[in-house]
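# Observations on the model geometry
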Amino acid sequence: MESYGVLSVVPLVISIFLAIYTRNIILSLSIGAFSGTLILNSYNPFFAVVSLMSDHAFVQASTPANTQVLFMTMVIGGFVNILDESGGARAFSAAIVKYVSTRRSGQFATWASGISIFFSDTANSLVVGPLFRPVYTQLKICREKLAYIIDTTASPVVILIPVASWGVYIMSLIENSYSDMGIEEDAFSVLLNVWPYQFYAFLALLAVPMVISTGKDFGPMLKAQKRYDEEVKLNEVVEAPEQGESRLIMVILPFAIMIVTLGSILGYYAFTEGIKSVHVNAGLCISYILSSGGCAYVMKRFKNTSYDASMNIFFVGAGKLITVAAILILAWVLSSICRDLQTGEFLASLIGDTLDPRYFPIVVFFIGTIMSFATGSSWGTFAILMATTLPVANILGADLVLTIAAILGGGLFGDHTSPISDTTVLASMGADCPHINHVMTQLPYAVLTGIMTICAFILLAIYQTPYVIFIMIVLQYLAIRFMMYRYGE
Amino acid sequence: MESYGVLSILPPALSIVLAVYTRNIIFSLGTGAFSGALIIANFNPFFAFAEFLEDHVFVQLAIPSNNQVMIVMFTIGGFIHMLDKSGGARAFAGVMVKFIGSPVKAQMASWATGLSVFFTDSGNALIVGPLFKPVFRELKICREKLAYIVDTTAAPLSILIPFVGWGVYIMSLIENAYGVVGLEEEPLSVLLSVWPYQFYAFLALISIPMILTTGKDFGPMARAQKRYNQGLIDGTIDQEVEEVVEKQHDPKLSTVFLPLGVMFATMVIYMGYFAYTEGVKSVHVRAGICLSYLFASFACAYLMKKHQNKPWDESLGLFFEGMQKLVFMCMVLVLAWTLSSLCNELQTGAYLAALIGDSINPSFFPLIVFFLGAIMSFATGSSYGTFAILMIIVIPIAHTLGAPMTLTIAAVLSGGLFGDHTSPISDTTVLASMAAGCAHIDHVSTQFAYAAINGVMTMLAFVVAGFYQSPTIILGIIVVQFFVIRMAMKMYGHDARGEA
């Protein structure tokens, strides 16, 4: 195959640059992909378009693994929507609210319900936020704190659950990159290996109770709380009216169905032919479809919603994920074009001799953070980096598991702090506080976690063990205590 | 392969019964397909699920042609929605209103406008209806007539155009069924050979000017017109102030012409190139359609940016909104493919064909299919659900019986269309009454008399075509229809406008 040299990074550079500049991930990925096929077809636009469609888009979209992911994304979208509409998700949180009386326990309850809604990132903000708003008003805690907690318990939780949408997405990216590099390994087991190294996710999740337990705040959050106290003194905030009653059964039934189905299917295969990713996909689909059926039944029973209406709700939810599906396809296309252009080989040859492979994950973490912060899309970052840095890591001899962990950590960190990330926007929306306030108050807490994550990767470069995470947790605890002691009130 | 005997007809039978009973096509297809998986898995529900998803749904999804069809469908959905929101189509239709003088001309104009808005079926009613409502009121023509015209120029027109959503959908069903029986033919060429036999679509479209030129009405439509006149005199109807058609941005005509021009140009260049080099394969057709619509959407977004100052991001959002609308239809497709692949494994077609055996003359087969299609579509109100189920069943049977294949496919399409057109629960029928602003039941009953004439003519055509298959039949039947309508008008019709 012909070598394209520096041209091989053009699609990637264009994608990243456009993503930062236009903040439109779909446009950026497609223009990047088109520039790639232009290069591959000696700048003949006609053949570039033909090959973009026939050789890349159509081919990538019809790989069995990819179609399964697309199908599943839709099914999950449908399920989340129907659960949301049934009021089940609200019932779930409402059960927790019963035991709340103090500021501290109120925040702990938010954290716990945020974690309990582990299956979706966006539902988290939209369900927990509105539910806890009246509680926060009563307990006189500022909305920025609520936004911070729901934002932090959104993506970092979902990324740790391999069976939720994020896990599925990440696995597909891993599978894609691994097969490009000719490595035969089940994506699910790779993800499990990566799991203990997802420092940012763990640290961000644990930072919340650490911060709450001090009962203090520092920096912008402190100011926000003070400002809020002032406001409360001036005028009583009107309480939001209670929404329609929702029963606990609305969430217990669907989840029971889901867990039983998934458990029995995966259990069966675990004992017979082993859990392949097609079984995971099929199992997930069935579980989500059956529990959507459960939701529909509950809605019919308690709310008298007809089955037809429930099915419509399901399809509306599935439709909402069309954009995600389009991003997925474009990301696959870009990665298949980069494969043809041998981008990974080229980048590796650049970094090749200059970098100690042990420090490669740290570099990747930085790149991931910058990209994700700039684009506001952790998924887009994952897609681009998985396709490009993994081959480099492979050639350099850097640890693949750590590199994946660094991609995930960086992407998550950037996304968490980015003002243009949709999860950040949703968190401000859910908590009903000005978006810029949420971004500013969250930043110091998130940066603290980010620094800890970098320390973790440095530690790992020297001494690799899954136990690093425990050292980091202790370190972070001390750091937060110190900050609160020094600057907190 | 094991023979499943009578059990093999359970999945399609269950699908049909459930479709009629629940009117929920997804549920019916899904349950039918699952019952097939149950039979194959010896009634072990656990293995049936695995079989259903892993061996059929996932496999069907990953077949390149199926997958491409879905991408094409989504792209078309995105473009149509965007064009709709750009207001260009409305501006375009607005031009037609200018050429109106007499009542007959006004009705002809609404027909012509309906024809020119060929790229969307539901959009047709929504664009043409509100636009002509004031015109019809001015000329004292009843709303039922408008509903009839917009309803008739919606689906019957879309079905005749191979590159809009309907065409892509039907081609995919044909390709699938052909693959099952082992026929190798490009779906586009099949659809084109079926084209002249789409009797119902042609007759329905042509019947409008035939009726209009007489200047008369008969049956329920004449009564509706009288009722309308009476209402006008009594002052009980149409006193409400006509809502002004929204004209926020005053869309320019180019908003519809440029995108459509881009679309045709891309398609012609793309197909032209392949026609001269390696031949137009179906993957080229799909890639070409997909690209044409993408470029057309881009052109549309550009014009909205230029004339209405709509940011690109918003246009992209519109595009995705349109795609969402097609999730449902794509799900029907996926389930139809799945049911078809299960029926193939169960050898349903062979069993049914053996059952029918020599008892019927293959020449009558298309007629039977037409009846089946009409009944099913009338009962379910869904023409594309009917297409999905019937194509799977009848194509293999026709293949085994040796019945004329193009006629059978045409009969599925015509039957489905006829049932859908007359069905009170079909969404296109509902949309037409909504858009024309008349009571739904009135629209259904007034339209029925006219649609029934077309239906009878179509049956006649299928009988003739069964024995003497020639594309010229359609011309003969049009002439017959012309005389039938003239005669009906002469005997029962009168110009009811102005009468009370």
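Residues numbered from 1 in each chain as written. Chains lettered and ligands numbered in written order. Predicted model: local features only at pLDDT ≥ 70, side-chain atom pairs only at ≥ 80, totals over all residues.

### Some thoughts on the overall build of chain B
- A count of helices and strands for chain B gives 24 helices and zero strands.
- Relative to the compact-globule value of 23 Å for 500 residues, chain B shows a C-alpha radius of gyration of 23 Å, a close match.
- Referenced to the eigenvectors of the C-alpha coordinate spread, the extents of chain B come out at roughly 70 × 55 × 45 Å.
- Excluding contacts between residues fewer than 6 apart, the proportion of contacts in chain B whose partners are at least 24 apart in sequence is 82%. (Helix = DSSP H or I, 4+ residues; strand = E, 2+ residues; numbered from the N terminus. Rg over C-alpha atoms; globule rule 2.2 N^0.38 Å. Contact = placed C-beta atoms within 7 Å.)

### Observations concerning the overall build of chain A
- Assigned secondary structure in chain A consists of 24 helices and zero strands.
- A buried classification covers 55% of the 489 residues belonging to chain A.
- For chain A, the share of sequence-separated contacts (at least 6 apart) that also reach a separation of at least 24 residues comes to 81%. (Buried ≥ 20, exposed ≤ 12 C-beta atoms within 10 Å, placed from the backbone.)

### Topic: the domain arrangement of chain B
All names here are of chain B.
- Per the domain assignment, the segments making up chain B are domain 1 (14–62) and domain 2 (131–160 + 198–247 + 347–500).
- Computed over C-alpha atoms only, the centres of domain 1 and domain 2 are separated by 32 Å.
- Listed by partner, the interface residues are seven residues for domain 1 and nine residues for domain 2.
- When residues of the side of domain 1 that touches domain 2 are traced back to their parent elements, those giving at least two are helix 1 (10–22) and helix 2 (25–40).
- For the side of domain 1 that touches domain 2, the element with the most residues is helix 1, which contributes four residues.
- Of the residues assigned to the side of domain 1 that touches domain 2, the class counts are five nonpolar, one polar and one charged. (Domains from an automatic or database assignment. Nonpolar A, V, L, I, M, F, W, Y, C, P; charged D, E, K, R; others polar.)

### Re the interface of chain A and chain B
- Listed by partner, the interface residues are 28 residues for chain A and 24 residues for chain B.
- Elements supplying a minimum of two residues to the side of chain A that touches chain B: helix 2 (25–40), helix 3 (45–61), helix 4 (64–86), helix 15 (277–303), helix 16 (307–320) and helix 17 (322–341) of chain A.

### Here's the deal with the packing of helix 18 (residues 348–356) of chain B against helix 20 (residues 383–401) of chain B
Residues and elements named next belong to chain B.
- Where helix 18 meets helix 20, the axes come as close as 8 Å, and the angle between the chain directions of the two elements is 55°. Judged on the interaxial angle alone, helix 20 and helix 18 are oblique. The interaxial crossing formed by helix 18 with helix 20 has right-handed handedness. Contacts between helix 18 and helix 20 involve Thr348, Gly349, Ala350, Leu352, Ala353 and Ile356 on the former and, on the latter, Ile393, Pro396, Ile397, Thr400 and Leu401.
- Split into classes, the residues belonging to the contact of helix 18 with helix 20 amount to eight nonpolar, three polar and no charged. (Axes fitted to C-alpha atoms, helices over the stretch in contact; angles between N-to-C directions. Parallel < 35°, antiparallel > 145°, perpendicular 65-115°, else oblique. Left-handed = near helix turned anticlockwise from the far one by under 90°.)

### A word on the packing of helix 1 of chain B against helix 19 (residues 365–380) of chain B
All names here are of chain B.
- Remark: helix 1 packs on helix 19, axes separated minimally by 7 Å, with the N-to-C direction vectors making an angle of 40°. It follows from the interaxial angle that helix 1 and helix 19 lie oblique. Between helix 1, through Ile16, Ala19 and Val20, and helix 19, the contact on the second element is made entirely by Met376, Ala379 and Thr380.
- In the contact of helix 1 with helix 19, the residues fall into five nonpolar, one polar and no charged.

### Quick look at unusual backbone geometry
Residues and elements named next belong to chain A.
- Not every positive phi belongs to a glycine, and Ser42 is a case in point at roughly 50°.
- Secondary-structure assignment places Ser42 in the loop between helix 2 and helix 3.
- On the basis of neighbour counts, which here come to 8 C-beta atoms within 10 Å, the residue Ser42 falls in the exposed class.

### Focus on the environment of Pro187(B)
Residues and elements named next belong to chain B.
- By the element assignment, Pro187 lies in helix 11 (residues 187–194).
- In this structure Pro187 comes out as buried when scored by C-beta crowding, with 25 C-beta atoms within 10 Å.
- Each C-alpha atom, one on Pro187 and one on Leu173, is 9.0 Å from the other, the two residues being 14 residues apart in sequence.
- Residues within four places of Pro187 in sequence aside, it is in contact with Met171, Ile174, Glu175 and Ser282.

### Focus on helix 6 (residues 103–116) of chain B
- For helix 6 of chain B, built from 14 residues, the straight-helix expectation of 20 Å at 1.5 Å per residue is met to within 8% by its first-to-last C-alpha distance of 20 Å.
- Among all positions in helix 6 of chain B, only Ala106(B), Gln107(B), Ala109(B), Ser110(B), Trp111(B), Thr113(B) and Gly114(B) are buried. (Expected span 1.5 Å × (residues − 1).)

### A closer look at the confidence of the model for chain B
Residue and element names in this part refer to chain B.
- Averaged over every residue, the pLDDT of chain B is 83; the share at 70 or more is 93%.
- Within chain B, the lowest mean pLDDT, 70, falls on helix 5 (residues 88–97), and the highest, 92, falls on helix 21 (residues 405–422).
- Contacts for the low-pLDDT stretch residues 239–248, under 50 throughout, to residues beyond four places or in other chains number three contacts.
- With pTM at 0.75, the complex prediction returns an ipTM value of 0.77. (pLDDT = per-residue confidence, 0-100.)

### What about the environment of Phe118(B)?
- Along the polypeptide, Phe118(B) turns up in the loop between helix 6 and helix 7 (122–138).
- Distance from Phe118(B) to Leu173(B), taken between C-alpha atoms, is 22 Å for residues 55 residues apart in sequence.

### A short note on the environment of Ser8(B)
- Within the secondary structure layout, Ser8(B) lies in the segment before helix 1.
- Residues Ser8(B) and Leu342(B), 334 residues apart in the sequence, show an inter-C-alpha distance of 9.4 Å.

### Concerning the confidence of the model for chain A
- Averaged over all residues, the pLDDT of chain A equals 80, while 88% of them reach at least 70.
- Note on residues 237–242 of chain A: pLDDT is under 50 here. Beyond four places in sequence and across chains, it has six contacts.

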